[in-house]
Amino acid sequence: GTFGELREDLPWAALSSELTEGSLKDTSPSSYVEECLPEFEKPTAERTNWNLIDQPSGVCMSNAFQAFVDCWPESDAVSSEMAPQSLVANAAASSDDLDPPRLKEAMYDVDNPAFNVPSMVLHPRVASDAVAAVKFAAEHGLMISVKNSGHSWTGSSTRSNSLLLNMRKYESYSA
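Given the structure is predicted, the values throughout are model-derived calculations rather than measurements.

Conventions used here
Residues numbered from 1 in each chain as written. Predicted model: local features only at pLDDT ≥ 70, side-chain atom pairs only at ≥ 80, totals over all residues. Heavy atoms only, no water. Disulfide = S-S within 2.5 Å. Helix = DSSP H or I, 4+ residues; strand = E, 2+ residues; numbered from the N terminus. Buried < 20%, exposed > 50% of the residue type's maximum accessible area, 1.4 Å probe, protein only. Contact = heavy atoms within 4.5 Å. Pairing = 2+ DSSP bridges. Axes fitted to C-alpha atoms, helices over the stretch in contact; angles between N-to-C directions. Phe/Tyr/Trp six-rings, centres within 6.5 Å; stacked < 30°, edge-to-face > 60°.

Asker: Could you clarify how one ought to interpret the state of the cysteines in this entry?
Answerer: Evaluation of the coordinates by the stated rule reveals 1 disulfide. With its sulfur 2.0 Å from that of its partner, cysteine 36 forms a disulfide with cysteine 60. Handedness of the cysteine 36-cysteine 60 disulfide follows from its S-S torsion of about -90°: it is left-handed. With cysteine 36 in the loop between helix 2 (29-35) and helix 3 (37-41) and cysteine 60 in the loop between helix 4 (49-53) and helix 5 (85-93), the pair connects residues that are 24 residues apart, well separated along the chain. Side by side, cysteine 36 and cysteine 60 carry an identical accessibility label, which is buried.

Here you go:
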């Protein structure tokens, strides 16, 4: 997919050398499809956020549509002025044009331009990891997105072309 390649121009190895070993992960829509979507194939009663939040890439969220621009997997179906995900879902549910197989196909298409997942994910374990990431982002004009638990219904914890700080493994948040 194109999203994982968009910031290859940055010196990621230099950042990685300043971090706790193994805390920086390359990610892409492929990561989301492989790690996150299988949980949403299960019946609702069998799904659990625990299976999502501990995936290696750190990009899984509690709603499958959160990985897409405007929380909608079809890039041409929703304008950027649309309301948050709950309103989009309600509008779609009442639409005669809703085509679930088409939506599923869009969700599994790793080249789908509607994917809104970061190029890299950092799982800071100590404060110096987060400090190095913020300095790196500032030096390179890179946006940072932050995920604490992945419960943002509008998908605000993910953003393409950003460095996602997934705080799940940070020492003061760890269980």
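Moving on from the coordinates now.
Asker: I keep staring at the environment of phenylalanine 68 and nothing clicks. Help me out?
Answerer: Structurally, phenylalanine 68 can be placed in the loop between helix 4 and helix 5. Residue classification places phenylalanine 68 among the buried residues on the basis of a relative accessible area of 1%. Placed 46 residues apart in sequence, phenylalanine 68 and alanine 114 show a C-alpha to C-alpha distance of 5.2 Å. For phenylalanine 68, the residues in contact, after removing those within four places along its chain, are Pro73, Ala106, Met107, Asn112, Ala114, Phe115 and Asn116.

Asker: Got a minute to help me understand the sheet that holds strand 2 (residues 120-122) in this structure?
Answerer: Backbone hydrogen bonds are what pair the strands of a sheet, in a parallel or an antiparallel way. Spatially, 4 strands are ordered 1-2-4-3 in an open sheet, and the strand pairing comes out mixed. In this open sheet, the two edge strands, each paired with only one partner strand, are strand 1 (24-26) and strand 3 (143-147). Within this sheet the neighbouring strands show an average axis-to-axis angle of 25°, counted without direction. Summarising the sheet, strand 1 and strand 2 pair through 3 bridges and their orientation is antiparallel. Within the sheet, the bridge partner assigned to lysine 25 lies in strand 2 and is valine 121.

Asker: Would you mind going over the side chain of asparagine 116 with me for this structure?
Answerer: Within the element layout of this structure, asparagine 116 appears in the loop between helix 6 (100-108) and strand 2. When near neighbours in sequence (up to four residues on either side) are disregarded, asparagine 116 contacts Ala67, Phe68, Val69, Thr158, Arg159 and Ser160.

Asker: Before we go on, may I ask you to explain the packing of aromatic side chains in this structure?
Answerer: To describe a pair of aromatic rings, one takes the distance between the centres and the angle between the planes. Within this structure, the stated rule accounts for 5 aromatic pairs. Geometrically, the ring pair formed by tyrosine 32 and phenylalanine 68 is edge-to-face, given 6.5 Å between the ring centres and 85° between the ring planes. Of the two residues, tyrosine 32 is situated in helix 2 and phenylalanine 68 in the loop between helix 4 and helix 5; the sequence distance between them amounts to 36 residues. On the accessibility criterion, tyrosine 32 (0% relative accessible area) is buried. For the pair phenylalanine 68 and phenylalanine 115, a centre-to-centre distance of 4.5 Å together with 35° between the ring planes defines the contact as tilted. You can see phenylalanine 68 sitting in the loop between helix 4 and helix 5 and its partner phenylalanine 115 sitting in the loop between helix 6 and strand 2, a full 47 residues away along the chain. Aromatic rings pair up to connect Tyr32, Phe68 and Phe115 into one cluster.

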